[in-house]
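Fold and geometry: a report
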Amino acid sequence: MNLVHAALSPVGGALVLALCWLAIAGASLVPAKNAAFARRFAFALGAVVSVGLAALGLESVWMPAQMLTLPLGLPDLPFHLRIDPLAGFFLMLLGSVSAGISVYAAGYFREEPSGRLALIACQYHVFLASMAFVLLADDAYLFMVSWETMALASYFLVITDHKQAATRSAGFIYLLIAHLGAIAILLCFGVLDGGRGDYSFDALRAARLQPAWATVAFLLAFFGFGAKAGILPLHAWLPEAHPAAPSPVSALMSGIMIKTAIYGMVRVIFDLIGNVRWEWGLAVVVIGAGTALFGILYALMQHDLKRLLAYSSVENIGIILLGLGMAMVFIGFGHPAAGTLGLIAALYHALNHAVFKSLLFLGAGSILHSSGLRNLNDMGGLIHRMPKTAFYFLIGALAISALPPLNGFVSEWLTFQTALQAPILQNGIVRSLLPLFAATLALAGALTAMCFVKVYGIAFLGQAREPAPPSRLPHAGDAGEMERYGMAWLAAGCFLLGLFPSSFLLILNRVAASLGGHGLSEQALADSGWLWLVPTAAEQASYSPLIFLVVIVAVTLLAFLLVRRFYHGRARLADPWDCGYPEQGPRMQDTADAFGQSIRHVFGPLYRMQRSLPGPDDVAPRYDLRIEDRHWYWLYLPVARAAEFVSSKIALLQQGRISIYLLYSFITLIALLVFVR
Amino acid sequence: MSQAPAVAFQILQSVFVVLAAPLLVGWVNQCRAWLQNRSAPSLLLPYWTLAKLFHKEPVIARGASPLFRTTPYVLFGCMWLAAGIVPVLATGLPFAPAADIIALVGVFALARVFAALAAMDIGTPFGGLGARREMLIGFLAEPAMLMTLFTAAFISGSTQLTTIVDTLAHREFALYPSLAFAAVAFLMVLLAENARIPIDNPATHLELTMVHEAMILEYSARHLALIEWAAAIKLFAYMTIGIALFVPWGIAEGGDWRALPLAIGALLTKLALAGAGLSLLETLLAKLRLFLAPEFLSAAFLLGVLGMLTHFFIRG
């Protein structure tokens, strides 16, 4: 009876659901004929669990924090679980987005060979369960165990196509950076603990640190979680690992996994460390602005669709950090209401990005599935062959471009509103800096629109760009039924989050209040209704996406009806106008690289470019362009070379003769006897 | 109190903008013809052009997707919506709280994205070229526009256009340096966003230079008419935003019907002056090379930022 009661409470329910995912993972490995369970039921059941988890998460946002201690783990260190509004919100994110991805995956992986499918289904659900445990963990030990399980499960998913060398090296880079981050997180917990030996989050929360040690803990947490989130300059694994993974896995990683890093940042910085300082916030804002701008500028240069989406994820992490950093600045200066607004903006964008980026990755997956193409320069005209995918992808593209009335706009709007609170700050320099970061956000937003016009225009519109003979582009069909349901779920999410922002504002207000004790101002909550989004006060700023949508649809329809009523609806089909030059072919359309040419022109110094232009008397002219990430050259390669140098020196110790090793042991023993007495 | 008069005022304002917008284009063309020593076309010529286009049968390229045929209506709807947000004749109208200046910039961005997508739909080289150029101009103009608007938002402590206009109209009359910077930046954005000289030339079909015209090359008849009309409303909306921010006097505050005649008179006078000024600028300036456009617009962006910082430092 007691057990049933515990399982029905949110924290027990979440535990049971996460264990269900593990059970699905185990069952997928059952060696049945043709991996029947993994093929038919695993992903569908996983989606049901997801929906349950989302509902539990939503419920627990409105409840006080609940805890549960499991008799597992190390002798003196049982596993602590806790669900509070912050964890509840992220569980809702995990559940609602993974539900769509799992439904999609049920269709996407259907034709995999059975051995591979069983492995994928197993790792996929272990991955999901480990993310749930990261969110539920209430002690550093369980947190690190789940964090590492998450990294490993996703690593094995990334190297699903391990026969290709590029995939293996992408997986390696991912694993390397993930572990660098994990070390920093581990050290951060160590600093927070301060040698007392109690690693439950309650003890870490209660610890009062010296300001210097608090700053060290902040830096370690920011670096550690930033490595997973993909902040500048630790982003290098994203554009490698995301394209290598199967598309639903890319969606999980880009949509949800990097949000667990945001969760970790909020948990550690706002909750465990507490006493946020504005200097930290400024550091986060500066890195966030750099990440946002850099990410989108590199995204514009890509022609591999999934690589482009990965860089765009880097940009969105930057936008989330802008909100988070501004929140820290405001809280550090003692303005909790404005700080709450920044936190809400950041978390809202995390949720929005999870929804539309997953949708876009799934769309890219459908293109890959039906045409075998990832290079934008080979695509074109897909809207005719896969109209439904094109429709869902359009919603995702409009949402990520921050266009009203979809969801991306709401969170950027909230971030702008946070920046516009700058006049209340005491420090003159910070006061005038924040609007400059808002300007960066505006620039990044406009560039995003350009980037996704490029993606959509090149991939879905125009004519097919003469793909190489083995391509399946001319025979590409629309996405399968399950794939479409998955995308439709996420597209509906884009509308829901865009049209009813005040409901989510209330949820997030509760999350922020549970962290810092302060919510939005009374007036903001009084002025908000289900129709109006009011961050501070009605006369200062308000936005009503629903009215916006109704009016825009109404006037568009009215224009259509008036034209039809007073004139006519006839139309004649003809060839496109050829400007007097009849030999136009599909190859004369813009390519993805050509579309970015003007950006290369304006932001040239930011890229590492190698161009070879044909001479005027070249008989077989070829234009060649390679763009590389500058960070590889000033950061990663030098570090790699230094590591290689150091290890080659250390390798001198390894002589391979037993007498030498015995000598080492002898010297060590002597040294220990001398020093440790 | 019933909302009916306010809603009526809102509808009146929207319809007024939609109907008056081609007149502004006619006036600018007329002024420019005078300045260039040509015999001027009729003030009503844009209306006749629209009527002619509506009567024609559109020719649609084979391989056009539904997006191509929807876009003209979406553009028209977006601009109509923008006309509802901007306080043209009155402040405090019922639709005003639904969208603030950031949403207004968002509406223009929405229209731009749809126009660029439609341009790429047929798959001719010109469409892609126009779309690429338009997005290049857009990504620079949008932040500059936001900076200008943020300056006004900081001065009035609000992003609602209604509140901004009410605040600015009641300040004592003086020259505010921050607003002066913002006004110059806004003018530069207006020229760029409305495809005017020196960024684009509305009267050219020279492939090396055209931007907006390249995007709509495939459109004809009623679709073209809607796009042209939307462009006219856009110009009108931008001019009225400028008027509302920098010379707001005479507007009917709080949707007061009795102030309507004065508001219309003031608006027409200001628009006539602004239109004449625009044609003068277009006559005096030459079109910039496309790759000077980023410099032009980054200057606008920097001026906007400068205006904002000026406000922070000297509170003026």
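The model shown is predicted, which means the values in this text are computed figures rather than measured ones. (Residues numbered from 1 in each chain as written. Chains lettered and ligands numbered in written order. Predicted model: local features only at pLDDT ≥ 70, side-chain atom pairs only at ≥ 80, totals over all residues.)

**Some words on the overall build of chain A**
Within chain A, the secondary structure is distributed over 26 helices and five strands. In terms of overall dimensions, chain A is globule-like: its C-alpha atoms have a radius of gyration of 26 Å, near the 26 Å expected for 677 residues. Once the C-alpha set of chain A is aligned to its principal axes, its extents read approximately 95 × 70 × 60 Å. Within the span of chain A, comprising 677 residues, buried residues form 55% of the whole. Taking the contacts inside chain A whose residues are at least 6 apart along the sequence as the reference set, 79% of them involve residues at least 24 apart. (Helix = DSSP H or I, 4+ residues; strand = E, 2+ residues; numbered from the N terminus. Rg over C-alpha atoms; globule rule 2.2 N^0.38 Å. Buried ≥ 20, exposed ≤ 12 C-beta atoms within 10 Å, placed from the backbone. Contact = placed C-beta atoms within 7 Å.)

**Side note on the overall build of chain B**
Counting its secondary structure elements, chain B contains eleven helices and one strand. What you see in chain B, going N to C, is helices and strands ordered as α-α-β-α-α-α-α-α-α-α-α-α. Rg of the C-alpha trace for chain B: 19 Å, near the compact-globule value of 20 Å for 316 residues, within the 12% margin. Considering only C-alpha atoms, chain B reaches an extent of 55 × 45 × 40 Å along its principal axes. Across chain B, contacts joining residues at least 24 apart in sequence account for 81% of those joining residues at least 6 apart.

**Let's talk about the domain arrangement of chain A**
Looking at the assigned domains, one finds that chain A contains domain 1 (1-206 + 227-269), domain 2 (276-565) and domain 3 (632-675). Computed from C-alpha coordinates alone, the two centres of domain 2 of chain A and domain 3 of chain A are separated by 49 Å. (Domains from an automatic or database assignment.)

**A look at the nonpolar core**
The biggest cluster of nonpolar side chains holds 373 residues, and the ones touching the most others in it are Ala132 of chain A together with Ile233 of chain B. A domain-level breakdown of this core finds at least three residues from each of domain 1 (1-206 + 227-269) and domain 2 (276-565) of chain A. Every residue in contact with Ile233 of chain B, bar those within four places of it in the chain, is listed here: Val17, Val18, Ala21, Met79, Trp80 and Ala83 of chain B. (Core = buried A, V, L, I, M, F, W, Y, C linked by C-beta atoms within 7 Å.)

**Describing the interface of chain B and chain A**
Each partner contributes residues to the interface: chain B has 68 residues there, and chain A has 65 residues. Residue assignment for the side of chain B that touches chain A shows that the elements contributing at least two residues are helix H2 (45-55), strand E1 (59-61), helix H3 (66-85), helix H4 (101-121), helix H5 (125-156), helix H9 (221-246) and helix H11 (293-314) of chain B. Looking at chain direction, strand E3 (residues 572-574) of chain A and E1 of chain B are connected through three bridges and run parallel. Looking at the pairing, Ala574 of chain A lines up with Ala61 of chain B of E1 of chain B. (Pairing = 2+ DSSP bridges.)

**Some thoughts on helix H1 (residues 4-35) of chain B**
Residue and element names in this part refer to chain B. The end-to-end C-alpha separation of H1 is 46 Å, in line with the 46 Å expected for 32 residues at 1.5 Å each. Of all the bends in H1, the greatest, near 35°, is centred on Ala20, and the proline Pro22 appears no more than four residues after it. One or two steps after H1, the chain reaches Asn37, where phi turns positive at roughly 60°. (Expected span 1.5 Å × (residues − 1). Bend = angle between axes of the 7 residues up to and from the residue.)

**With respect to the confidence of the model for chain A**
Of all residues in chain A, 97% attain a pLDDT of 70 or more, and the chain-wide mean is 88. Confidence, expressed as mean pLDDT per element, reaches its minimum in chain A at helix H1 (residues 2-8) of chain A with 65 and its maximum at helix H16 (residues 387-400) of chain A with 94. (pLDDT = per-residue confidence, 0-100.)

**Concerning helix H14 (residues 336-371) of chain A**
Residues and elements named next belong to chain A. Helix length check: H14 (36 residues) gives 51 Å between terminal C-alpha atoms against 52 Å at 1.5 Å per residue, within 8%. Within H14, 35 of the 36 residues are buried, leaving the element largely enclosed by the surrounding structure. Positive backbone phi, at 75°, marks Gly372, one or two positions downstream of H14.

**Some details on unusual backbone geometry**
Residues and elements named next belong to chain A. Cis geometry marks the peptide bond from Leu232 to Pro233; its omega dihedral reads -10°. For the peptide bond that leads from Pro404 to Pro405, omega is 0°, which places it in the cis range. Its location among the elements puts Pro405 in the loop between H16 and helix H17 (407-419). The phi torsion at Asn275 lies on the positive side, around 40°, for a residue other than glycine. Judged by local crowding, Asn275 falls into the exposed class, with 11 C-beta atoms found within 10 Å. Unlike most non-glycine residues, Ala402 shows phi in positive territory, near 60°. By the secondary structure assignment, Ala402 is in the loop between H16 and H17.

**Examining the environment of Gly250 of chain B**
All names here are of chain B. With respect to the helices, strands and loops of the structure, Gly250 is situated in the loop between H9 and helix H10 (260-284). Given 18 C-beta atoms within 10 Å, Gly250 falls into the partly exposed group. Beyond its immediate chain neighbours, meaning those up to four positions away, Gly250 contacts Leu262, Ala263 and Ala266.

**Some thoughts on the packing of H16 of chain A against helix H18 (residues 428-459) of chain A**
Residues and elements named next belong to chain A. Interaxial distance between H16 and H18 falls to 9 Å at its minimum, and their mutual angle equals 165°. On the basis of their axis angle, the class for H16 and H18 is roughly antiparallel. By crossing handedness, the relation of H16 to H18 is classed as right-handed. Every residue of H18 that contacts H16 at Phe393, Leu394, Ala397 and Ile400 is listed here: Thr448, Phe452, Val455 and Tyr456. (Axes fitted to C-alpha atoms, helices over the stretch in contact; angles between N-to-C directions. Parallel < 35°, antiparallel > 145°, perpendicular 65-115°, else oblique. Left-handed = near helix turned anticlockwise from the far one by under 90°.)

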